[in-house]
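Chains, contacts and geometry: an overview
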Amino acid sequence: MLKRMIIMLVLVTVLFGGIFGFKAVGNYFMNQFFDNMPMPPAAITAATVSRDAWQPAVNAIGSFAAVNSTELTTEASGIIRSIRFENGALIKKGELLVQLDDSVDQAELARLKAAEQLAKLEQSRLERLFRDKGVSELDLRRRESEAAQASAAVASQQARIAQKSLVAPFDGVAGIRQVSLGQLLTGGTPVVSLQSLDPIYLNFTLPEQQLALIEVGKPLTVRVDAYAEQAFVGEITAVAPGIRESSRSIEVQATFANPEQLLRPGMFARVSMTTGEPNTVTLIPQTAVQFNPYGNSVFVITEQDGQQVAQQRFIRTGEARGDLIAVTAGLEPGEQVATSGLLKLRNGAAVNIVENSSAAPSAELNPTPANQ
């Protein structure tokens, strides 16, 4: 019995050992095959390293604001008797916009003027009597005071009537009115907005590191989405005296002539301001760069044994504009770098450059993608 058990264990061991041995030998040769199997060339697009002159510039974003902007309202309350402007109309300083009913106030003004006239006649009569020693100086001074009080009452009533007339405080463009004829208007209720558009301010901020690059009178250029093909030129007119502690930035204000009123308050603007002479820079498309925490790299295309291969190289990058980025170290003009298919590449991998591919990424200084 024991002998049969030993024979069975030996046979089982030989059987399973053969199976596992065969599997191990098969895996070994399979791995050797895949390790030594030549990889097909990876299809990529490539770009040539170039040089260009870039004008140093400070870029920022900002918003336009009216030089004068207000919500017009009346100080007094009353029924709206007339509205004398059109929505969106050009308004001149001093132009009457809204008139409230002031008939009762006008009647009171007439009464006060009559009282003033009588007080002045009494004053004149007492002045003659005083010269003839007919009245005391105290009586004359009392009449003079009464006449002055009557004149002050007239002036006060005239001011009260003026409060029922809404007059434009400056030249500008009217907004959309928020009241109607016959409406009871209470003091402080908004009637219409008024904004001056020519000239117009642009407010933006810059990091404190760029404070030395800005000064009052320096020209700058802006572009707005509403007129993408047009550049507007203005100049810096004010720089805030202090730095914002929360963001370590400084507020800057520029002024733009706006005779055609193309620029409107609240518009988003992209600001560009030149800061020196043009510099020659080495350029590659941004899609060619692999950005990593330990350093940026590219795949440079070289010739080895009659075949094109990709070699990874670390570089130092600088300013980026549009689809391009400046390289400060690591590349020379004329070299080729892979711009797409980077995930398929490894150091020394064979490549096949696809010419005139529609899949090639954009590489423009001022890209204008379609708004789809």
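What this report covers is the structure whose coordinates are included nearby.

Definitions and cut-offs
Residues numbered from 1 in each chain as written. Predicted model: local features only at pLDDT ≥ 70, side-chain atom pairs only at ≥ 80, totals over all residues. Heavy atoms only, no water. Pairing = 2+ DSSP bridges. Helix = DSSP H or I, 4+ residues; strand = E, 2+ residues; numbered from the N terminus. Patch = residues over 30% accessible without salt bridge, like charges linked within 9 Å, V, L, I, M, F, W, Y side chains within 5 Å. Areas by Shrake-Rupley, 256 points an atom, 1.4 Å probe, with all protein chains shown as cover. Salt bridge = Lys/Arg side-chain N within 4 Å of Asp/Glu carboxyl O. Phe/Tyr/Trp six-rings, centres within 6.5 Å; stacked < 30°, edge-to-face > 60°. Buried < 20%, exposed > 50% of the residue type's maximum accessible area, 1.4 Å probe, protein only. Contact = heavy atoms within 4.5 Å. Axes fitted to C-alpha atoms, helices over the stretch in contact; angles between N-to-C directions. Parallel < 35°, antiparallel > 145°, perpendicular 65-115°, else oblique. Left-handed = near helix turned anticlockwise from the far one by under 90°. Nonpolar A, V, L, I, M, F, W, Y, C, P; charged D, E, K, R; others polar.

Brief notes about the pairing of strand β1 (residues 42-48)
With three bridges connecting them, β1 and strand β22 (residues 349-353) associate as parallel partners. Looking at β22, one finds that Ile44 is bridged to Ile353. Bridging between β1 and strand β21 (residues 336-340) involves four bridges; their strand directions are antiparallel. Across the sheet, Thr45 pairs through a bridge with Ser340, a residue of β21.

Digging into a nonpolar patch on the surface
Residues Met5, Met8, Leu9, Val12, Leu15, Phe16, Ile19 and Phe20 make up a contiguous nonpolar surface patch of roughly 800 Å² in combined accessible area. Along the chain, Met8 turns up in helix α1 (residues 2-36).

Re the packing of aromatic side chains
On inspection of all chains with the given rule, the structure shows three aromatic pairs. Aromatic pair Tyr227 and Phe232: ring centres 6.3 Å apart, planes at 70°, arrangement edge-to-face. By relative accessible area, which is 29% here, Tyr227 ends up partly exposed. With a centroid separation of 6.1 Å and an interplanar angle of 70°, the aromatic rings of Tyr294 and Phe314 are classed as edge-to-face. Of this pair, Tyr294 sits in the loop between β17 (279-285) and β18 (296-304) while Phe314 sits in strand β19 (residues 307-321), and the two are 20 residues apart along the sequence. Tyr294 gets classed as exposed once you look at its relative accessible area, which sits at 63%. Given the relative accessible area of 48%, Phe314 is considered partly exposed.

Observations regarding the environment of Ile301
Note on placement: Ile301 falls in strand β18. On the basis of relative accessible area, Ile301 is assigned to the buried category, the value being 10%. Residues Ile301 and Pro169, spaced 132 residues apart in sequence, show a C-alpha to C-alpha distance of 69 Å. Non-local contacts of Ile301, meaning those with residues more than four positions away in its chain, are made with Ile44, Gln308, Val309, Ala310, Gln336, Val337, Ala338, Val351 and Ile353.

Digging into the pattern of salt bridges
Tallied over the full model, the rule gives seven salt bridges. A salt bridge links Glu116 to Lys120; its shortest N-O distance comes to 3.4 Å. Residue Glu116 and its partner Lys120 are located together in helix α2 (residues 103-131), separated by four residues, close to a single helical turn. Note that Asp225 and Arg270 form a salt bridge whose closest N and O atoms lie 2.6 Å from each other. One end of the pair, Asp225, is in the loop between β13 (219-224) and β14 (227-239); the other, Arg270, is in strand β16 (residues 268-274), with 45 residues separating them in the sequence. The exposure class of Asp225 is exposed, given its relative accessible area of 52%.

Concerning the sheet that holds strand β6 (residues 90-91)
Remark on secondary structure: sheet strands pair via backbone hydrogen bonds, oriented parallel or antiparallel. Pairing is antiparallel in the open sheet, where four strands are placed in the order β4-β11-β9-β6. The open sheet has two edge strands with one neighbour each: β4 (69-72) and β6. Both β4 and strand β11 (residues 192-195) contribute to a ladder of four bridges, which runs antiparallel. When the bridges of β11 are listed, Leu72 appears paired with Val192.

Things to note about the packing of α2 against helix α3 (residues 137-162)
Put simply, α2 and α3 touch, their axes get as near as 8 Å, and they point 160° apart. Taken as axis vectors, α2 and α3 run roughly antiparallel relative to one another. Seen along the crossing, α2 lies across α3 with a hand that is left-handed. For the contact of α2 with α3, the class distribution of residues is twelve nonpolar, five polar and 13 charged.

Here's the deal with the environment of Pro56
When you line up the elements, Pro56 lands in the loop between β2 (50-54) and β3 (57-66). Once the C-alpha coordinates of Pro56 and Met273 are considered, the two residues, 217 residues apart in sequence, prove to be 8.4 Å apart. With residues up to four places along the chain from it excluded, the contact list for Pro56 reads Met273, Thr274, Thr275, Gly276, Glu277, Pro278, Asn279 and Arg321.

Remarks on the pairing of strand β5 (residues 78-83)
Examined bridge by bridge, β5 and strand β10 (residues 184-185) share two bridges and lie antiparallel to one another. Across the sheet, Ile79 pairs through a bridge with Leu184, a residue of β10.

Considerations on the sheet that holds β10
Strand order across the open sheet formed by four strands is β8-β7-β5-β10, with antiparallel pairing between neighbours. With one partner strand each, in any of the chains shown, β8 (165-167) and β10 form the two edges of the open sheet. Bridge analysis of strand β7 (residues 96-100) against β8 gives three bridges, and the strand direction is antiparallel. Bridging from a neighbouring strand, Gln99 pairs with Ser165 of β8.

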